[in-house]
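Below are the chains, spelled out letter by letter.
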Amino acid sequence: MLYWLTALSDGGDFFNLFRYITFRAGGSFLTALIFGFLFGPTLIRVLRAKQGKGQPIRDDGPESHMAKAGTPTMGGLLIVGALLTSTLLWARLDNPFIWMVLFVTLSFALIGFADDYAKVSKQTTAGVSGRVRLLIGFGIAGAAAFWAAQYHPEDLTYQLALPVFKDTLLNLGILFVPFAMIVIVGAANAVNMTDGLDGLAIMPVMIAAGTFGVIAYFVGRVDFTTELGLHYVPGTGELAIFAAGLIGGGLGFLWYNAPPAAVFMGDTGSLALGGALGAIAVATKHEIVLAIVGGVFVVEALSVIIQVLYFKRTGKRVFLMAPIHHHYEKKGWAEPQIVIRFWIISLILAVIGLATLKVR
C-alpha cells in the first residue's frame, strides 16, 4: 500500500525509496516484528483465558511434555496477523503473486484454526479429520497452482525447472497443477509435523523464508537471472517483502515460544507457514529447491510415513517415536539440544539451496 507514495516522488526524494523492494522488505520485517512485540502479550492473555487447560498433550508422548500442560495454542494468529499487516502495508497490491500467496496462507491458517479450536474445545488431541483437512487443503492448493500458472511467462507455464541443470525444463502440462498441489499441501503438513518442540519449527521456517526471499528477489530481476542463469519470472520480486514479513513475525513469535514456551503456534501457524513456503516455491519455479532448503521438514514427514507403513506391514517400529524429533527425545537428548541441532542443519541446507543458484 505504501508503494503508492511513489506517486508523490519527483525521482530524487524520500518517497522514491518506496520504489525499492529492498527498502520495503526492511519496512515489512520491522512492521511484523513490532506487531509481534506489541500484540503478543495481549494475545497470550486472551488465549490463556479462553482456552483454560490449553493445548491437550498426547498421553503416549515423551514424559517431559507433561510439564507443558496448560500452555495455550493458536499462537500462529500472532504470526499470521503480523505477516498480513506487513504485507498489505509494504507490498504492491497490484501483484498477483502476493495475493496468491496470501490466499494460501490465510486459507491454511483457517484450516489450522478449526483444528486447534476442535482440540481445545473438546480437550482432545484429535481435531478436524485428517481426510477433511487434506481435501480442503488440496482444493486450496489446486486453485493456487492454477492461479500461479496464469502469471508465469509463457515459456515457463506448466514447466518444472530443475536446480543445477538450469537449461533443463520438464513439460508437465496439466500435471503441473497436481504436482504444485502436492508441493503446497506437503509443505504445510511437513511443517505441521515438525512443530512438536518449543522453537523447533519456527526457526527453520524463518531460514527457509529468508532463502526464498532471496530467490524471489533474484528471479524477479532480469539482470540477476541473466547473470545467474535462472529463469526470469516477472513480479516474483515482491514476494521478498512477504518473506521479510514472515521472518519479522516469526521472530516476534519466537520471543514467546522460546523454551519454556508461553504459547504454541498450533496448526493455525504451522499449516499457514508451510503452505506459504510451498506457494512461494511454486510462484518462483523453485519447487525442488524447497525440498533441499526445507530438508528438516522433509525428514520429519518421511519419518512419520516410514513409521506408519512399516508398522502396518510388520507390527514393529523403525523409530522409538515419530516424528523423528520425538525419537531423539526418547533416546535421551535434551529438548534444547534437538532444537538447536535442527536449526544448524536448516542453516546448512539453506546455504546448499542458495548455492544451486550459481551452479551451472
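A brief report on the enclosed structure follows. (Residues numbered from 1 in each chain as written. Predicted model: local features only at pLDDT ≥ 70, side-chain atom pairs only at ≥ 80, totals over all residues. Heavy atoms only, no water.)

What about the overall build of the chain?
Part 1 of the reasoning: Along its length, the chain carries 13 helices and 2 strands.
Part 2 of the reasoning: Here the C-alpha atoms of the chain give a radius of gyration of 20 Å, agreeing with the 21 Å that 2.2 N^0.38 yields for 360 residues.
Part 3 of the reasoning: C-alpha atoms of the chain, sized along the principal axes, occupy 60 × 45 × 35 Å.
Part 4 of the reasoning: Of all 360 residues assigned to the chain, the portion counted as buried reaches 54%.
Part 5 of the reasoning: Here the contacts in the chain between residues at least 6 apart in sequence split such that 74% fall between residues at least 24 apart.
Part 6 of the reasoning: Just so you have it, the chain exposes about 15,800 Å², and 68% of that area is on carbon and sulfur atoms.
Part 7 of the reasoning: In the chain, which carries 25 positive and 21 negative side-chain charges, the distance between the mean positions of the two groups comes to 8 Å. (Helix = DSSP H or I, 4+ residues; strand = E, 2+ residues; numbered from the N terminus. Rg over C-alpha atoms; globule rule 2.2 N^0.38 Å. Buried < 20%, exposed > 50% of the residue type's maximum accessible area, 1.4 Å probe, protein only. Contact = heavy atoms within 4.5 Å. Areas by Shrake-Rupley, 256 points an atom, 1.4 Å probe, with all protein chains shown as cover. Lys, Arg positive; Asp, Glu negative; His and termini not counted. Charge placed at Lys NZ, Arg CZ, Asp CG, Glu CD.)

Here we look at the nonpolar core
Part 1 of the reasoning: Met-100, Phe-108, Ile-202, Phe-212, Leu-239, Phe-242 and Leu-246 are the most contacted members of the largest nonpolar core, which has 85 residues in total.
Part 2 of the reasoning: Broken down by element, this core gets its largest block of residues, 12 residues, from helix H6 (residues 202-219).
Part 3 of the reasoning: With near-sequence residues (within four places) excluded, Leu-239 lies in contact with Phe-97, Ile-98, Val-101, Ala-216, Ile-280, Ala-283 and Thr-284.
Part 4 of the reasoning: By size, the runner-up hydrophobic cluster in this structure holds 9 residues, among which are Leu-200, Ile-338, Val-339 and Leu-349. (Core = buried A, V, L, I, M, F, W, Y, C linked by side-chain atoms within 4.5 Å.)

Examining empty space enclosed by the protein
Part 1 of the reasoning: Counted by the stated rule, this structure contains 2 cavities of 30 Å³ or more.
Part 2 of the reasoning: Lining the largest cavity we find 16 residues, and of these Ala-161, Leu-162, Pro-163, Lys-285 and His-286 sit closest to its centre.
Part 3 of the reasoning: Counting residues per element, the lining of the largest cavity draws most heavily on helix H10 (residues 287-293), which supplies 3 residues. (1 Å grid on protein atoms, 1.4 Å probe; cavity = no way out; pocket = protein on both sides within 12 Å on 5 of 7 lines; lining within 4 Å. Points joined across faces, edges and corners; volume = space filled by probe spheres on them.)

Describing the pattern of salt bridges
Part 1 of the reasoning: Across all of its chains, the model carries 7 salt bridges by this definition.
Part 2 of the reasoning: Through salt bridges that share partners, Asp-115, Lys-119, Arg-133 and Asp-267 make up one connected network. (Salt bridge = Lys/Arg side-chain N within 4 Å of Asp/Glu carboxyl O.)

Some thoughts on the side chain of His-286
Part 1 of the reasoning: Within the element layout of this structure, His-286 appears in the loop between helix H9 (266-284) and H10.
Part 2 of the reasoning: Here His-286 falls in the buried class, since its relative accessible area comes to 11%.
Part 3 of the reasoning: Beyond its immediate stretch of four places on either side in the chain, His-286 contacts Phe-212, Ile-215, Val-219, Leu-230, Ala-281 and Leu-357.

With respect to helix H11 (residues 295-314)
Part 1 of the reasoning: Over its 20 residues, H11 runs 27 Å from end to end, which matches the ideal 28 Å to within 8%, given 1.5 Å per residue.
Part 2 of the reasoning: Count one or two residues on from H11 and you reach Gly-315, which has phi positive near 80°. (Expected span 1.5 Å × (residues − 1).)

Focus: a nonpolar patch on the surface
Part 1 of the reasoning: A grouping of Val-298, Leu-302, Ile-305, Ile-306, Leu-309, Tyr-310 and Val-318 is seen on the molecular surface, where their side chains present a nonpolar patch of about 600 Å² in accessible area.
Part 2 of the reasoning: In this fold, Leu-309 is placed in helix H11. (Patch = residues over 30% accessible without salt bridge, like charges linked within 9 Å, V, L, I, M, F, W, Y side chains within 5 Å.)

Structural notes on unusual backbone geometry
Part 1 of the reasoning: Of note, the bond from Pro-259 into Pro-260 is cis; its omega dihedral lies within 30 degrees of zero at -10°.
Part 2 of the reasoning: Each neighbour pair has its own omega, and for Ala-322 with Pro-323 the value is 0°, a cis peptide bond.
Part 3 of the reasoning: Its location among the elements puts Pro-323 in the loop between H11 and helix H12 (324-330).
Part 4 of the reasoning: For Met-74, which is not glycine, the phi torsion reads 70° and is therefore positive.
Part 5 of the reasoning: Relative to the elements of secondary structure, Met-74 occurs in the loop between helix H1 (21-51) and helix H2 (76-90).
Part 6 of the reasoning: Notably, Lys-285 is not glycine yet its phi reads approximately 65°, a positive angle.

A word on the packing of helix H5 (residues 176-194) against H9
A packed helix pair is summarised by two numbers, namely the angle formed by the two axes and the spacing between the axes.
Part 1 of the reasoning: At a closest axis distance of 7 Å, the pairing of H5 and H9 adopts a crossing angle of 145°. Where H5 crosses over H9, the handedness of that crossing is right-handed. Each of Phe-176, Ala-180, Val-183, Ile-184, Ala-187, Ala-188, Asn-189, Val-191 and Asn-192 in H5 lies in contact with H9, whose residues at this interface are Asp-267, Ser-270, Leu-271, Gly-274, Gly-275, Gly-278, Ala-279 and Val-282. (Axes fitted to C-alpha atoms, helices over the stretch in contact; angles between N-to-C directions. Left-handed = near helix turned anticlockwise from the far one by under 90°.)

Quick notes on the packing of aromatic side chains
Part 1 of the reasoning: Scanning all chains against the criterion turns up 13 aromatic pairs.
Part 2 of the reasoning: Ring centres of Phe-18 and Trp-90 lie 6.0 Å apart, and the angle between their planes is 15°; this geometry places the pair in the stacked category. Placement of the pair is Phe-18 in the segment before H1 and Trp-90 in helix H2, with a sequence separation of 72 residues. Trp-90 matches Phe-18 in its accessibility class, with the two residues each being buried.
Part 3 of the reasoning: A ring pair is formed by Tyr-217 and Phe-224, whose centres lie 5.9 Å apart and whose planes are at 55°; its orientation type is tilted. (Phe/Tyr/Trp six-rings, centres within 6.5 Å; stacked < 30°, edge-to-face > 60°.)

Regarding the environment of Trp-343
Part 1 of the reasoning: Mapped onto the elements of the fold, Trp-343 is located in helix H13 (residues 335-355).
Part 2 of the reasoning: For Trp-343, a relative accessible area of 22% puts it in the partly exposed group.
Part 3 of the reasoning: In this structure the C-alpha to C-alpha distance between Trp-343 and Ile-280, which are 63 residues apart in sequence, comes to 21 Å.
Part 4 of the reasoning: With residues near it in sequence (within four places) discarded, Trp-343 still touches Gly-199, Leu-200, Met-203, Pro-204 and Ile-207.

That is the geometry; function is a separate question.
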